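# Survey of secondary and tertiary structure
In case you want the letters, here they are:
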Amino acid sequence: MKNKKKTLIYLIGILALVSLISLFVGSVWVAPTELSGNTIIWQIRLPRVVLSALCGVLLATSGVILQGILRNPLADPYILGVSSGAGIGAAIALSLPFSMVILGISSIPLFAFVFALASVFVVYRLSYVKGRSAPETLILAGVAVASFASAILSLIIIVSGRLQAIYFWLLGSFSLSSWGDVWNLLPYGLVGIVISYFYSKELNALLLGEEIALTLGVEVEKIRVRLILVASLMTAAAVSVSGLIGFVGLIIPHFVRLLIGPNHRMLIPYSALGGAILLVAADTLARTLFSPMEVPIGVIMSLVGAPFFLYILRTRAGK
Amino acid sequence: MSGEEALVVKDLCCGYDGTIVIRGISFQVERGEFVGIVGPNGCGKTTLLKALIGLIVPTHGSIDVYGKKLKELPRKDISRMIALVPQMMEPVKGFTVSEMILLGRTPYFERFSFETEDDHAVKRWVIAELKMEEMADTPVSNLSGGEFQRVAIARALAQEPRLMLLDEPISHLDIRYQVKILKLLRKIRQSRTVIATFHDLNMASRFCQRLILMKNGEVIASGRPDEVLSRENIWKAYRIKAEVKTNPKTKHARLVLLP
């Protein structure tokens, strides 16, 4: 327990440090003495840091709950096709000649959510064999749906005539972050993480297997549907502001499990923190590696994440 | 019905995906009894246990637990009344014995809260009851099969069930742990009802008050161990020639295989 508190303090410290670095470095270097009234810091970099941290929280948390509820350490919103589904929705919203606001909510996350749900529903249905969802089939179905979705995405991009805008958004980037995006995303983040946290006891019971979870009074099917909804909502929210950023939900929970164990009460908040650290750091790299040119953060995450996915796959197969 | 029965099963039929495994079983279990279910592989022992805890819905017949109809009970209520120790439970990597036992308190957690002082008190009671103080902080993945089986039972006990079901609790244990687990179950049944499946007829005879012998999803004999373990019944169930002797010291029925 003591160890876990220490880990928490370290993680918070790292997040603070990475965020500070991210604020001051970039194509324009800002000295800590020039802070007050500095537009670059307050209007460009700070919202960008906050936004990337928020996206990290959302993606890592949805990874944890998808892995828990599907009892599969390879589950991740990107791999399961949730992200690509959300991408289709967001691309459609982006390519509409007018921007819609429904009930005061920007149409982009809404479209993203609807399509994320549609694709997760298809994946879930496809993986359902003999009354239960088999993890292997689920991953395969996810891969198939993801590649189908990316074909649709390409079609939308070509037909819409806004190739460059959508394509760059798709690769994943925080280069257009504003405070508005932060306020749009914050409610999803808060609601998602709070709901997930209170379901951590059911996720823990599921560590013992579905049947034992049932005998512990956990209504597995019902809770699975609810948590998939929550995970899709969080993913869609992240995708709608940042494009497709993969593997956060895979890498972070994996490391956090090694650090503090599989208890979801800790796994969820610690992973949220880890996700924030990873994306703030990755975004800093994206801005500075080839400065003044920017590399899409999605490209960086896939460069790191795909080999990592294979690594987990191999170590799992070895067991 | 006197209301003293822990379990009343009537004409139970059930199975998986249209294949019927249990074909019309009826029996009763009194409160505080330790009943052993025996029979050859594939006779439906595990399926019966799953039906008794509501994991499988009967296609026919009824199950009453402590005077309540099982099919009308919500999952949460069942989980506070009945606990199951499955045949194979995987140790959760990274959990300690104490954390594992606490998982047994899940039925008592409320939606927006976590374990309370009560839950910790029950956990401590279980640990004391099973004399596990020394291993409480050991990771479960470091335990031997026999020790882990005790943790699995402790986890079920933390549910404070009135009826405890165990699927082959001693099958993969050495003889020392077999006796240890059976003695533990005999102690548990003093305050609750225990039903367990067994392959080892001699162990079942030695520790259970009553045996139910099954074959092909039916009960072919039921009663005191010395009544059930007869030459004819053993032949009927297993197609094995055996003689039934009496243990001269404990007076329990015991099988001797004939060539």
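Residues numbered from 1 in each chain as written. Chains lettered and ligands numbered in written order. Predicted model: local features only at pLDDT ≥ 70, side-chain atom pairs only at ≥ 80, totals over all residues. Heavy atoms only, no water.

Below, the discussion takes up the pairing of strand S8 (residues 193–198) of chain B. Residue and element names in this part refer to chain B. For S8, a buried count of six out of six residues is recorded, marking the element as mostly surrounded by other parts of the structure. Side chains of S8 alternate between two faces, with Thr193, Ile195 and Thr197 and Val194, Ala196 and Phe198 buried alike. One ladder, built from four bridges, connects strand S7 (residues 163–166) with S8; its direction is parallel. Considered in S8, the bridge of Met164 is made with Val194. A crossover connection joins S7 to the parallel S8 through helix H6 (residues 175–188); in handedness this β-α-β unit is right-handed. (Buried < 20%, exposed > 50% of the residue type's maximum accessible area, 1.4 Å probe, protein only. Helix = DSSP H or I, 4+ residues; strand = E, 2+ residues; numbered from the N terminus. Pairing = 2+ DSSP bridges. Right-handed = clockwise from strand over helix to strand, strands pointing away.)

In this section: the packing of aromatic side chains. Enumeration according to the criterion identifies nine aromatic pairs over all chains in this entry. Measuring from ring centre to ring centre gives 6.0 Å for Phe198 of chain A and Phe114 of chain B, while their planes differ by 15°; the resulting arrangement is stacked. With one member in each of two chains, Phe198 of chain A in helix H7 (residues 179–198) and Phe114 of chain B in the loop between helix H3 (97–103) and helix H4 (117–129) form a pair that bridges those chains. Pair check on accessibility: Phe198 of chain A and Phe114 of chain B agree, each one buried. When the centroid spacing of 6.3 Å and the interplanar angle of 55° are considered together, the rings of Phe34 of chain B and Phe198 of chain B count as tilted. You can see Phe34 of chain B sitting in strand S3 (residues 34–38) and its partner Phe198 of chain B sitting in strand S8, a full 164 residues away along the chain. Note on accessibility: Phe34 of chain B and Phe198 of chain B belong to one class, buried. Taken together through their ring pairs, the aromatic side chains of Tyr197 and Phe198 of chain A together with Phe112 and Phe114 of chain B make up a single cluster. Above the face of the Tyr199 of chain A ring, Arg111 of chain B is positioned so that its terminal group lies 4.0 Å from the ring centre. (Phe/Tyr/Trp six-rings, centres within 6.5 Å; stacked < 30°, edge-to-face > 60°. Lys NZ or Arg CZ within 6 Å of the ring centre and 35° of its normal.)

Here we come to the environment of Arg80 of chain B. Among the structural elements, Arg80 of chain B can be located in helix H2 (residues 75–81). Excluding anything up to four places from it in sequence, Arg80 of chain B contacts Pro107, Tyr108, Gln159, Glu160 and Pro161 of chain B. (Contact = heavy atoms within 4.5 Å.)

This part is about the UniProt feature "domain: ABC transporter" (unreviewed entry) in chain B. According to UniProt, the feature "domain: ABC transporter" (unreviewed entry) maps to residues 7–241 of chain B in the numbering used here. Helix and strand shares over residues 7–241 of chain B are 34% and 26% respectively, and the end C-alpha atoms of the span are 33 Å apart. (UniProt positions renumbered as here; feature names shortened; annotations may be inferred.)

Here the focus is the interface of chain A and chain B. Taken together, the 23 residues of chain A in the interface contact 29 residues of chain B. Both faces considered, chain A and chain B share a buried interface measuring about 2300 Å² in area, 65% of it formed by carbon and sulfur atoms. At the junction of chain A and chain B, the tally comes to three salt bridges. In this structure, Glu115 of chain B engages Arg265 of chain A in a salt bridge whose closest nitrogen and oxygen atoms are separated by 3.2 Å. (Buried area = accessible area lost by both parts, 1.4 Å probe. Salt bridge = Lys/Arg side-chain N within 4 Å of Asp/Glu carboxyl O.)

On to the sheet that holds strand S10 (residues 218–223) of chain B. Residue and element names in this part refer to chain B. The strand order S6-S7-S8-S3-S9-S10 describes an open sheet built from six strands, whose pairing is mixed. Among the strands making up the open sheet, the edge pair consists of strand S6 (82–85) and S10. Pairwise comparison of adjacent strand axes, ignoring direction, gives a mean angle of 20° for this sheet. With four bridges connecting them, S3 and strand S9 (residues 210–215) associate as parallel partners. Paired with Val38 across the two strands is Leu213, which belongs to S9. (Axes fitted to C-alpha atoms, helices over the stretch in contact; angles between N-to-C directions.)

Where side chains of opposite charge bring their charged atoms close, a pairing between them can arise. All names here are of chain B. What the rule picks out here adds up to 15 salt bridges over all chains. A salt bridge links Asp64 to Lys69, with the nearest nitrogen and oxygen atoms 3.5 Å apart. Residue classification places Asp64 among the buried residues on the basis of a relative accessible area of 11%. Asp119 serves as the salt-bridge partner of Arg105, at 2.9 Å between the closest nitrogen and oxygen. Taken together, the residues Arg105 in the loop between H3 and H4 and Asp119 in helix H4 connect sequence positions 14 residues apart. Judged by its relative accessible area of 3%, Asp119 falls in the buried class.

Residues and elements named next belong to chain B. As for its position among the elements, Asp77 is in helix H2. Using a relative accessible area of 34% as the deciding quantity, one classes Asp77 as partly exposed. In sequence terms Asp77 and Ile25 are 52 residues apart; their C-alpha atoms lie 24 Å from each other.

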